[in-house]
Amino acid sequence: MEVYDTFSFQRRLDGVLDRIAAAAARAGRDPADVRLVAVSKTFPPEAIDAALRAGVSILGENRVQEALAKAALCGSAEWHLVGRLQRNKVRHALSLFTTIHSVDTIPLLHDIARVQEETGQRPKLLLEVNVAGESSKIGFNPKTVRDAVREALALGGLDLVGLMTVPPWVPEPEMSRRHFRALRELRDALQDETGAALPELSMGMSGDFEVAVEEGATFVRIGTALFGKRASWKPQRSLDTDDFV
Ligand SMILES: *Cc1c(COP(=O)(O)O)cnc(C)c1O
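Residues numbered from 1 in each chain as written. Predicted model: local features only at pLDDT ≥ 70, side-chain atom pairs only at ≥ 80, totals over all residues. Heavy atoms only, no water.

Undergrad: Could you clarify how one ought to interpret the layout of surface pockets in this entry?
TA: Summary: where empty space remains is shown by rolling a probe the size of a single water molecule over the atoms. Considered as a void within the structure, the largest pocket measures approximately 570 Å³ in volume. Lining the largest pocket are 28 residues, and of these Lys41, Val166, Pro167, Met205 and Arg221 sit closest to its centre. Of the residues assigned to the lining of the largest pocket, the class counts are 13 nonpolar, 7 polar and 8 charged. Approximately 410 Å³ is the volume found for the second largest pocket. For the lining of the second largest pocket, a count of residues per class yields 4 nonpolar, 6 polar and 6 charged. (1 Å grid on protein atoms, 1.4 Å probe; cavity = no way out; pocket = protein on both sides within 12 Å on 5 of 7 lines; lining within 4 Å. Points joined across faces, edges and corners; volume = space filled by probe spheres on them. Nonpolar A, V, L, I, M, F, W, Y, C, P; charged D, E, K, R; others polar.)

Undergrad: Please clarify how empty space enclosed by the protein should be interpreted in this entry.
TA: This model, assessed by the stated rule, comprises 2 cavities of 30 Å³ or more. Here the largest cavity is characterised by a volume of approximately 50 Å³. Residue lining of the largest cavity: Val3, Tyr4, Asp5, Ser8, Phe9, Arg12, Ala47, Ala50, Leu226 and Phe227, and that is the complete set. Looking at the lining of the largest cavity, the elements that each hand over two or more residues are helix H1 (6-26), helix H2 (45-53) and helix H9 (224-227). The element contributing the most residues to the lining of the largest cavity is H1, with 3 residues. Looking at side-chain class alone, the lining of the largest cavity contains 7 nonpolar, 1 polar and 2 charged residues. Approximately 30 Å³ is the volume attributed to the second largest cavity. Residue lining of the second largest cavity: Glu128, Val129, Asn130, Lys137, Ile138, Thr165 and Val166, and that is the complete set. (Helix = DSSP H or I, 4+ residues; strand = E, 2+ residues; numbered from the N terminus.)

Undergrad: Please clarify how the environment of Pro45 should be interpreted in this entry.
TA: Mapping Pro45 onto the fold places it in helix H2. On the basis of relative accessible area, Pro45 is assigned to the buried category, the value being 8%. C-alpha of Pro45 to C-alpha of Pro31: the two residues are 14 residues apart in sequence and 28 Å apart in space. (Buried < 20%, exposed > 50% of the residue type's maximum accessible area, 1.4 Å probe, protein only.)

Undergrad: Just to check I follow, could you spell out the pairing of strand E4 (residues 99-103) for this structure?
TA: Side chains on a regular strand alternate between the two faces of the sheet. The buried count for E4 comes to 5 of 5 residues, which makes it a mostly enclosed element. Bridging between strand E3 (residues 78-81) and E4 involves 2 bridges; their strand directions are parallel. The residue bridging Leu81 from the neighbouring strand is Ile100, located in E4. Read as a crossover between parallel neighbours, the route from E3 over helix H4 (residues 90-96) to E4 is right-handed. Direction of pairing for E4 relative to strand E5 (residues 124-128): parallel, over a ladder of 3 bridges. The partner of Ile100 across the bridge, within E5, is Leu125. Once the chain exits E4 it traverses helix H5 (residues 106-119) before rejoining the sheet at E5, and the crossover so formed is right-handed. (Pairing = 2+ DSSP bridges. Right-handed = clockwise from strand over helix to strand, strands pointing away.)

Undergrad: Would you mind going over the nonpolar core with me for this structure?
TA: Across soluble globular proteins, you tend to see nonpolar side chains buried next to one another. Within the largest apolar cluster, 65 residues are counted, with the highest numbers of intra-cluster contacts made by Phe97, Ile100, Ile112, Leu127, Leu163, Val220 and Leu226. Sort the elements by how many residues they give to this core and H1 lands first, with 6 residues. The residues contacting Leu127, other than those within four sequence positions of it, are His101, Val103, Leu109, Phe140, Val145, Ala148, Val149, Leu160, Gly162, Leu163 and Met164. (Core = buried A, V, L, I, M, F, W, Y, C linked by side-chain atoms within 4.5 Å. Contact = heavy atoms within 4.5 Å.)

Undergrad: Help me out: how do you make sense of the site of the ligand in this one?
TA: Around the ligand, the neighbouring residues are Val39, Lys41, Val82, Val166, Met205, Ser206, Arg221, Ile222, Gly223, Thr224 and Arg230. Lys41 places a side-chain nitrogen or oxygen 2.6 Å from an oxygen atom of the ligand. With respect to the ligand, the backbone of Gly223 contributes an N or O atom lying 2.8 Å from an oxygen atom. Protein contact buries 88% of the 390 Å² of open area that the ligand shows by itself. Among the cavities detected, the one that contains the ligand is the largest pocket. Per-class residue counts for the shell around the ligand are 5 nonpolar, 3 polar and 3 charged. (Near = heavy atom within 4 Å. Polar contact = N/O pair within 3.5 Å; in protein donor to acceptor, adjacent residues only side chain to side chain. Areas by Shrake-Rupley, 256 points an atom, 1.4 Å probe, with all protein chains shown as cover. Sits in = over half its atoms within 2 Å of the grid points.)

Undergrad: Looking at this structure, I do not really get helix H6 (residues 144-155). What am I missing?
TA: The α-helix advances 3.6 residues per turn, and as a result positions three or four apart in sequence lie on the same side. Given a rise of 1.5 Å per residue, 12 residues ought to cover 16 Å, and the 17 Å separating the end C-alpha atoms of H6 matches this to within 8%. Among all positions of H6, only Val145, Ala148, Val149 and Ala152 are buried. Here the buried residues of H6 occupy an arc of 100° about the axis, which is enough to place them on one side. The elements touched by buried residues of H6 are H5, E5, strand E6 (159-164) and helix H7 (177-194). (Expected span 1.5 Å × (residues − 1). Arc of directions from axis to C-beta.)

Geometric values such as these leave the question of function open.
As structure tokens, this is what we get:
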């Protein structure tokens, strides 16, 4: 079994931060403009506490239930949702996540707007774009995302801040460059066309974050390069589906 100690986490974290800084320097960017989301999905609370002690401040999770259970067990942190949000879990999601990277449908925007109105919780939102147009993937395509930005503006009150992508798997990080560049160019075009301010680009994972930083990422979402091989932690009790309304 993996032992999660602060010392080994710190070593991996320093390595990742050095690589982010070097990639930012190559692109003439300030490394402070790139924030690290440590993707802790599947890893146990001990691993998360080691990460927090090492100085991580943002945790990324892809399941609402798993994140809520861990948040109750771990030290305080900023929790970001990076995985798909089911419409019946919006209320629970807003109770924890301060940023949702993975808004992928217009009905979901409406649900978030409604719950936000009721609770006053106002997460930052990124629209997930399937830049390569893979039919199997979730997310808006480069055409439908325009409607989503317009809808978000029309709904009013939503804190839309940018775009996110998970490009197709490729054997070489360099092969993801055109997808990251496409997301940045799409963001630039959407800002021009709609007048929305979309400063955030969430792109780059363990295998390709340096290329993403070179292409303008402001959030990189990194799991295995920090925590090691994916684990299988699950909450003891799954919340009743009735809880999710
Ligand atoms: C799991 C996951 C990550 C992290 O992936 P690694 O390859 O472990 O760095 C990033 N983004 C999303 C959306 C994920 O689901």
